[in-house]
Amino acid sequence: MTYPVTRPRRLRRTPSMRKLVRETSLSISNLVYPLFVCPGTDIKNPIASMTDCFHLSPDNAVREAKEVAQLGIGAILLFGIPQKKDAFGTEASSPESAVAESIKRIKDAVPELLIATDVCLCAYTDHGHCGVIKDGRIENDTTCELLAKIATIHAKAGADIIAPSDMMDGRVGVIRKALDSEQLTDTAMMAYSAKYASAYYGPFRDAAGSAPSQGDRKSYQMDPANSQEAMREITADIEEGADIVMVKPALAYLDIIRMAKDTFKVPLAAYNVSGEYMMLNAAADAGLIDREPAILETLLSFKRAGADIIITYFAKTAARLLSYK
Ligand code: PBG
Ligand code: ZN
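So, a few notes on the structure that sits alongside this text. This structure is a prediction, so every number in the text was calculated from the model and none was measured. (Residues numbered from 1 in each chain as written. Chains lettered and ligands numbered in written order. Predicted model: local features only at pLDDT ≥ 70, side-chain atom pairs only at ≥ 80, totals over all residues. Heavy atoms only, no water.)

This next bit is on the coordination of the zinc ion (ligand 2). Perfect tetrahedral coordination of a metal by four donors corresponds to 109.5 degrees between them, and perfect octahedral coordination by six donors corresponds to 90 or 180 degrees. Coordination of the zinc ion (ligand 2) by the protein involves Cys 120 (SG), Cys 122 (SG) and Cys 130 (SG), with metal-donor separations of 2.2 to 2.3 Å. Angles of 100 to 119° at the metal separate the four donor atoms of the zinc ion (ligand 2), which places the site in the tetrahedral class. Counting residues between consecutive donors of the zinc ion (ligand 2) along the chain gives the motif C-x1-C-x7-C. Taken together, the residues Cys 120 in the loop between strand 5 (114–119) and strand 6 (132–134) and Cys 130 in the loop between strand 5 and strand 6 connect sequence positions ten residues apart. (Donors = N, O, S within 2.8 Å, 3.2 Å for Na, K, Ca; no water. Tetrahedral: all angles 85-135°; square planar, octahedral: opposite > 155°, others 65-115°. Helix = DSSP H or I, 4+ residues; strand = E, 2+ residues; numbered from the N terminus.)

The next subject is the packing of aromatic side chains. Applying the stated criterion across every chain yields a total of nine aromatic pairs. With centroids separated by 5.6 Å and ring planes inclined at 25°, the aromatic side chains of Phe 36 and Phe 79 adopt a geometry described as stacked. Separated by 43 residues along the polypeptide, Phe 36 in strand 1 (residues 31–37) and Phe 79 in strand 4 (residues 75–80) bring together distant segments of the chain. Classification of Phe 79 by relative accessible area gives buried; the value is 6%. Between Tyr 277 and Tyr 313 the ring centres are 5.4 Å apart and the planes differ by 50°, which places this aromatic pair in the tilted class. Of this pair, Tyr 277 sits in helix 9 (residues 274–285) while Tyr 313 sits in the loop between strand 12 (309–312) and helix 11 (315–324), and the two are 36 residues apart along the sequence. A relative accessible area of 4% means that Tyr 313 is categorised as buried. We note Lys 195 situated over the ring of Tyr 201; from NZ or CZ to the ring centre the distance is 5.5 Å. Note that Lys 248 overlies the ring of Tyr 271, its terminal NZ or CZ placed 4.8 Å from the centroid. (Phe/Tyr/Trp six-rings, centres within 6.5 Å; stacked < 30°, edge-to-face > 60°. Buried < 20%, exposed > 50% of the residue type's maximum accessible area, 1.4 Å probe, protein only. Lys NZ or Arg CZ within 6 Å of the ring centre and 35° of its normal.)

A separate point is the site of ligand 1. Near ligand 1, the surroundings consist of 18 residues, among which Lys 195, Arg 205, Lys 248, Ser 274 and Tyr 313 are the closest. A distance of 2.6 Å separates an oxygen atom of ligand 1 from a polar side-chain atom of Arg 205. One nitrogen or oxygen atom from the side chain of Ser 274 is found 2.7 Å from an oxygen atom belonging to ligand 1. Computed on the free molecule, ligand 1 has an accessible area of 400 Å², of which 100% lies beneath the protein chains in the complex. The pocket occupied by ligand 1, as judged from atoms lying within 2 Å of grid points, is the largest cavity. When the residues that make up the shell around ligand 1 are grouped by side-chain class, the tally is ten nonpolar, three polar and five charged. (Near = heavy atom within 4 Å. Polar contact = N/O pair within 3.5 Å; in protein donor to acceptor, adjacent residues only side chain to side chain. Areas by Shrake-Rupley, 256 points an atom, 1.4 Å probe, with all protein chains shown as cover. 1 Å grid on protein atoms, 1.4 Å probe; cavity = no way out; pocket = protein on both sides within 12 Å on 5 of 7 lines; lining within 4 Å. Sits in = over half its atoms within 2 Å of the grid points. Nonpolar A, V, L, I, M, F, W, Y, C, P; charged D, E, K, R; others polar.)

The end-to-end C-alpha distance of helix 9, which contains twelve residues, comes to 16 Å, matching closely the 16 Å that a straight helix rising 1.5 Å per residue would cover. Judged by how many residues are buried, helix 9 sits mostly within the fold: nine of twelve residues are covered. Every buried residue of helix 9 is listed here: Ser 274, Gly 275, Glu 276, Tyr 277, Met 278, Leu 280, Asn 281, Ala 283 and Ala 284. Residues of helix 9 that are buried sit in contact with helix 6 (202–208), strand 11 (268–272) and helix 10 (291–305). (Expected span 1.5 Å × (residues − 1). Contact = heavy atoms within 4.5 Å.)

Time to look at unusual backbone geometry. With omega at 10°, the peptide bond leading from Tyr 3 into Pro 4 counts as cis. Residue placement: Pro 4 occurs in the segment before helix 1 (15–20). Cis geometry marks the peptide bond from Lys 248 to Pro 249, where omega comes out at -10°. One non-glycine residue, Gln 183, lies in the positive phi region at around 60°. Assignment of secondary structure puts Gln 183 in the loop between helix 5 (171–181) and strand 9 (188–195). By relative accessible area, Gln 183 is classed as exposed at 64%.

Attention now goes to the packing of helix 2 (residues 58–70) against helix 3 (residues 98–109). Between helix 2 and helix 3, the least distance of the axes is 9 Å, while the angle of their chain directions is 45°. When the interaxial angle is binned, helix 2 and helix 3 end up oblique. Here the hand of the crossing between helix 2 and helix 3 comes out right-handed. Contacts from Pro 58, Asp 59, Ala 61, Val 62, Ala 65 and Lys 66 in helix 2 reach Ala 98, Glu 101, Ser 102, Arg 105, Ile 106 and Ala 109 in helix 3. By residue class, the composition of the contact of helix 2 with helix 3 is seven nonpolar, one polar and four charged. (Axes fitted to C-alpha atoms, helices over the stretch in contact; angles between N-to-C directions. Parallel < 35°, antiparallel > 145°, perpendicular 65-115°, else oblique. Left-handed = near helix turned anticlockwise from the far one by under 90°.)

Here it is in structure tokens:
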């Protein structure tokens, strides 16, 4: 049946009618808010490349975590900034790193807030790559061992979720084995499974000081042209023990999110990355788009594409908008 019998506008007539037939909704409890933690005390330095984001010392990270929990957000994702960088990213696996310290203090202060930790070397290495370099090549297997060490430190400090973002082959399995051998069997893993070599990480790399000093990440992060390969990466991570898988970035990869949702029966996360965040902010700052509806529309698109979990720097703003609606 078609027009004039069928009139789709009937279901768009009033707000109540639109609500009744709405297919997708955003929920504050599925949002994950990334935080950047650094060594020291009483530090809250604005990150120049990312609006409303800060480098926080562990004491201030606790304050922020309390606010995040109060807004109803389910989890935070911690990124660490080291005191000192070296070829092996040594500080990443120190039990006294800013991340380890922050985990302990946040767990103490806000036990119900889930803590995920980004596990990678790039912010900790002097060359800025996500792995160890030998003879000009990123060494896969040596890197996996280091990542397992970092993950174990985070888990022992009390992290709920380990999130490896390096894109080395086999790292999920190596980390799972290391955790289990330390009886850390309850620590979950959210793998950055389909992580693309994207231009949208720019603002983050400024924030973390993690831009590679030479070359790029194309020998480990995925080619933006590929979707079947993303399915293979996700399959491998699930087989190796990933509890949650991720597609990153989100906005330019909505097709990959949908494909992953239709293919796999595990929780799926989408990472709304720094470049996407700042692109929207820049357009709003320029008066070109209306910030708040644009934020909600963007986050809703991830949900509609099939993401269960949304990692976003907009989490606090979105939580406020959603609770006043
Ligand atoms: C580190 C890491 C990156 C991001 C998350 N973890 C940067 C990169 O791979 O270069 C990007 C996050 C963002 O842009 O918001 N491996
Ligand atoms: Zn990295």
